[in-house]
Amino acid sequence: MHVCEYAVTVPKINDGWQLMAFVARPATRSNSWEALADSLNPVVTDEFIKLVYEPYARRLKKHFGKTITAMFTDEPKYFGKFPYTPGLFEDFEKTYAYDLRAKLNDLFIESDNPTAMKTRLDFRSWCLTRFINSYMKPIRKWCDDHGLSLNGHVSPEDDLVEQSSCISNLFPIQQEFTMPGLDMIIPAVGDKENAIINIGSLIGVSCAQQLDKDCVMSETLGCAGFDCTPAAAIRILLWQLNMGVNSIVIHAAFSSSLGLRKLDAPRDWGPGSSAWPALKEFAADFNAFARDMTAITSTAETAILWPIGTFQSKNFNGLDDYTGFRKKLSAIVLYCLENQIGIHLLDEADFQKAAALDGKIQIGKASYKHIIFPPADIWQEPSLHAADTLTEAGLTILIFDESIQYLETPEKLIEFNAESYQYQSIQTSDAIKAIVPALIPEANPALRSSTWTKNGNSWISIMNISEHPQSFMLDKEFEIPASELILFEKNSDGWSIRRSINPSNYPLELELPETVRYTNWSFRTDDAPWEQLDKPKASYLLKKEWPIQSRVVEMELTAPALLTADSGWKCLRYKAEFAIDRETELVLILEPTAIRGNLKIEFAEQCFSQVVKDIQPCAHQIKLGMVQKGQHEILFHFSHPEPFDGIPWPPTILVK
């Protein structure tokens, strides 16, 4: 056996020093993220476009700009807390005039000394610029060249800790989308228990206003859970619409599959689901409301500066925020929303470039009189200079300055000296309410409000996120039922209701019979003996009435599939039992993503053959005929089986 030996000459190491080695190693592909391409490498992006986007253009070009109007990119980012790409050190040195290799230890140590924090800030800034130039801009250019919008989202939107590690800063990335995007993954609204999820919607709406874009897109309900009802789903959509999110992509609205994959889609919201009648009826009302909220101008007058620099400067352990600043930002945002204070989030770079006119700054369609610096320990020095200038121009600059330690300059971090700058120092959120006017009087924490103008008309959108009716004053007293969203329009007679939506007005989820599961599973390969299985590779379901009148039982995913690409088996067999409580007609449903290969089914002295392909657009239906009450056995024979394509889909027996 040939053994490679490597040796290094270790110099004498003085006391207080230690020798360290940093290695860029290939991804292990131990999880799905590590199997993804290097988004910091423009050569890789070119190859990705060639392999993925160009085939669409070859086959569907005549539909581009007509039937097909957009591409959706889902959660691109650079993968890993400390990404490496070829040319990293050379390009970094050109940009920042120092060799990152000499300071690699700053990225990995836990110390928050100013030298290490500055290295991390520079590294995150480099990663951001490189990601935009290497991935986002080429993808956007391809879409532009082919007459398509680029939509989608880059997560994480809500969590500053994870955002600083995965994408550095979301704000500059949103510029590359036709409409800013987000993913509303938590099945809740932005109340006290879920305050952090206000951040994602606020970023999307803020960017749309500041970049003068008409729409904000949200991928929604992806992790809503099996028990999420149509009314609960509609409430989430209305809450986003009230914030200004006016374009919704429902995650897992399937047309031909059951949508049971736990890792991706906990329930199906599509035509085959029991929620479909309610969502279909709701869609017409939502779309009418959303059209009103398109190409609209927010009149929020307060911007909260985005404190991402504080988070970029840290070396967090996972998602743990030892600084507490993430929680403080969420609390300030929630305070403003509960007190009907119209707010946006604002990136430091945009704030620094803004010029004052008549006591306001104008950024795209947005116009701000008040700027809030939330608690943070690092701000960029130009931001404090901008605060000086804008204070003199008549803006109100409110700064939580108690925790500020450093200001970032191009060369280093310098200690913050409050006496060098002009602004109004605040320590509590109550100081905001004392200075910034509310959108509606007598603030009610159960209400969420946003104000808008369109075609010279003034509108107020108000939602009651509580479980009880609430009252409030405009020019007169109004009452709003639980979970209702109302759009008010101002005319010569005062405020009147333009539109309203309440989740309780739509059909309830269809009442469907319980499902029955297969039992006593076993399997064998080729001529091997039968082996018992505690449960199959996914739960197989017995259901009644297809396709709408069916209730889906949660799928139980188990260990990796039996079948692998190099198994060499000629045949894979499954055997199971099931029981029915009456004589009835059975239909076997085979989803196209079940397993690929030739399938034979044996049941009650009948034999059925079927070729299963995952590219087929809809499920196969095999009529098993009338079956007597009692216990029954069914066998599935896969001849020359191919590997499972992703998560295996089981056959389903439907009782008619």
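Residues numbered from 1 in each chain as written. Predicted model: local features only at pLDDT ≥ 70, side-chain atom pairs only at ≥ 80, totals over all residues. Heavy atoms only, no water.

## Examining the overall build of the chain
Okay, step 1: Across its full length, the chain holds 14 helices and 34 strands.
Okay, step 2: Counting all 656 residues of the chain, 52% fall into the buried class.
Okay, step 3: For the chain, contacts bridging at least 24 residues in sequence account for 74% of all contacts bridging at least 6.
Okay, step 4: Of the roughly 30,700 Å² of accessible surface on the chain, 50% is carried by carbon and sulfur atoms. (Helix = DSSP H or I, 4+ residues; strand = E, 2+ residues; numbered from the N terminus. Buried < 20%, exposed > 50% of the residue type's maximum accessible area, 1.4 Å probe, protein only. Contact = heavy atoms within 4.5 Å. Areas by Shrake-Rupley, 256 points an atom, 1.4 Å probe, with all protein chains shown as cover.)

## Details of helix H1 (residues 42-60)
Okay, step 1: With 19 residues, H1 ought to run about 27 Å at 1.5 Å a step, and its terminal C-alpha atoms sit 25 Å apart, in line with that.
Okay, step 2: The largest bend along H1 measures about 40 degrees and falls at Tyr 53, with the proline Pro 55 one to four residues further on.
Okay, step 3: Among the residues of H1, those classed as buried are Thr 45, Ile 49, Tyr 53, Pro 55 and Ala 57.
Okay, step 4: Those residues of H1 that are buried lie in contact with strand S1 (70-74) and helix H4 (114-145).
Okay, step 5: Its side-chain oxygen 3.0 Å from the backbone nitrogen of Val 43, Asn 41 forms the N-cap of H1. (Expected span 1.5 Å × (residues − 1). Bend = angle between axes of the 7 residues up to and from the residue. Polar contact = N/O pair within 3.5 Å; in protein donor to acceptor, adjacent residues only side chain to side chain.)

## Some remarks on the packing of aromatic side chains
Okay, step 1: All chains considered together, the criterion is met by 22 aromatic pairs.
Okay, step 2: Relative to Phe 286, the ring of Phe 282 has its centre 5.6 Å away and its plane inclined at 55 degrees; by these criteria the two rings are tilted. Separated by four residues within a single helix, Phe 282 and Phe 286 lie in helix H9 (residues 276-292), roughly one turn from each other.
Okay, step 3: Overall, the relative accessible area of 6% leaves Phe 286 in the buried class.
Okay, step 4: On the numbers, 5.9 Å between centres and 25 degrees between planes, the contact of Phe 578 with Phe 603 is stacked. Taken together, the residues Phe 578 in strand S28 (residues 571-580) and Phe 603 in strand S30 (residues 597-603) connect sequence positions 25 residues apart. (Phe/Tyr/Trp six-rings, centres within 6.5 Å; stacked < 30°, edge-to-face > 60°.)

## Looking at the packing of helix H7 (residues 198-210) against helix H11 (residues 325-338)
Okay, step 1: Packing of H7 against H11 leaves a shortest axis separation of 10 Å and a crossing angle of 70 degrees. Taken together, the axes of H7 and H11 are roughly perpendicular relative to one another. Counting all contacts with H7, which are made through Asn 198, Ile 199 and Leu 202, the residues of H11 involved are Leu 329, Ser 330, Val 333, Leu 334 and Leu 337.
Okay, step 2: For the contact of H7 with H11, the per-class residue count stands at six nonpolar, two polar and no charged. (Axes fitted to C-alpha atoms, helices over the stretch in contact; angles between N-to-C directions. Parallel < 35°, antiparallel > 145°, perpendicular 65-115°, else oblique. Nonpolar A, V, L, I, M, F, W, Y, C, P; charged D, E, K, R; others polar.)

## Concerning the sheet that holds strand S4 (residues 217-220)
Okay, step 1: Pairing is parallel in the open sheet, where three strands are placed in the order S3-S4-S5. Either end of the sheet is taken by a strand with one partner, and the two such strands are strand S3 (181-184) and strand S5 (247-250). For this sheet, the mean angle separating the axes of adjacent strands, direction not counted, is 25 degrees.
Okay, step 2: Note: S4 against S5, four bridges, orientation parallel. Bridged to Ser 218 within S5 is Ile 248. (Pairing = 2+ DSSP bridges.)

## Here we look at the confidence of the model for the chain
Okay, step 1: Scored by pLDDT, the chain has a mean of 86; 84% of the residues are at 70 or more.
Okay, step 2: Below pLDDT 50 for its whole length, residues 256-263 participates in 34 contacts with residues either more than four positions away or in separate chains.
Okay, step 3: Predicted confidence is poor over residues 537-566, with pLDDT under 50, and the contacts of this stretch with residues over four places away or in other chains come to 112 contacts. (pLDDT = per-residue confidence, 0-100.)

## Observations concerning the sheet that holds strand S13 (residues 378-380)
Okay, step 1: The sheet built from three strands is open, its strands ordered S13-S15-S16 with mixed pairing. The open sheet has two edge strands with one neighbour each: S13 and strand S16 (413-415). Averaged over neighbouring strand pairs, the angle between their axes works out to 35 degrees when direction is ignored.
Okay, step 2: With three bridges joining them, S13 and strand S15 (residues 406-408) adopt parallel strand pairing. Among the inter-strand pairings, Ile 378 is bridged to a residue of S15, identified as Tyr 406.

## Considerations on the pattern of salt bridges
Okay, step 1: The tally for this structure, following the rule as stated, stands at 18 salt bridges.
Okay, step 2: Close ionic contact of Asp 122 with Lys 118 constitutes a salt bridge, the shortest N to O distance being 3.0 Å. Taken together, the residues span about one helical turn, with Asp 122 and Lys 118 both in helix H4 at a distance of four residues.
Okay, step 3: Overall, Asp 122 belongs to the buried group, its relative accessible area being 3%.
Okay, step 4: When its relative accessible area of 7% is taken as the criterion, Lys 118 is described as buried.
Okay, step 5: Notably, a salt bridge pairs Asp 144 with Arg 140, separated by 3.1 Å at the nearest N-O pair. Here Asp 144 pairs with Arg 140, and both are found in helix H4, just four residues apart, close to one helical turn.
Okay, step 6: Look at the salt bridges and you will find they share partners, linking Asp 292, Glu 489, Arg 498 and Arg 499 into a network. (Salt bridge = Lys/Arg side-chain N within 4 Å of Asp/Glu carboxyl O.)

## Section: a nonpolar patch on the surface
Okay, step 1: On the surface, Val 10, Ile 13, Trp 17 and Leu 19 cluster together into a nonpolar patch covering about 460 Å² of accessible area.
Okay, step 2: Structurally, the position occupied by Leu 19 is in the segment before H1. (Patch = residues over 30% accessible without salt bridge, like charges linked within 9 Å, V, L, I, M, F, W, Y side chains within 5 Å.)

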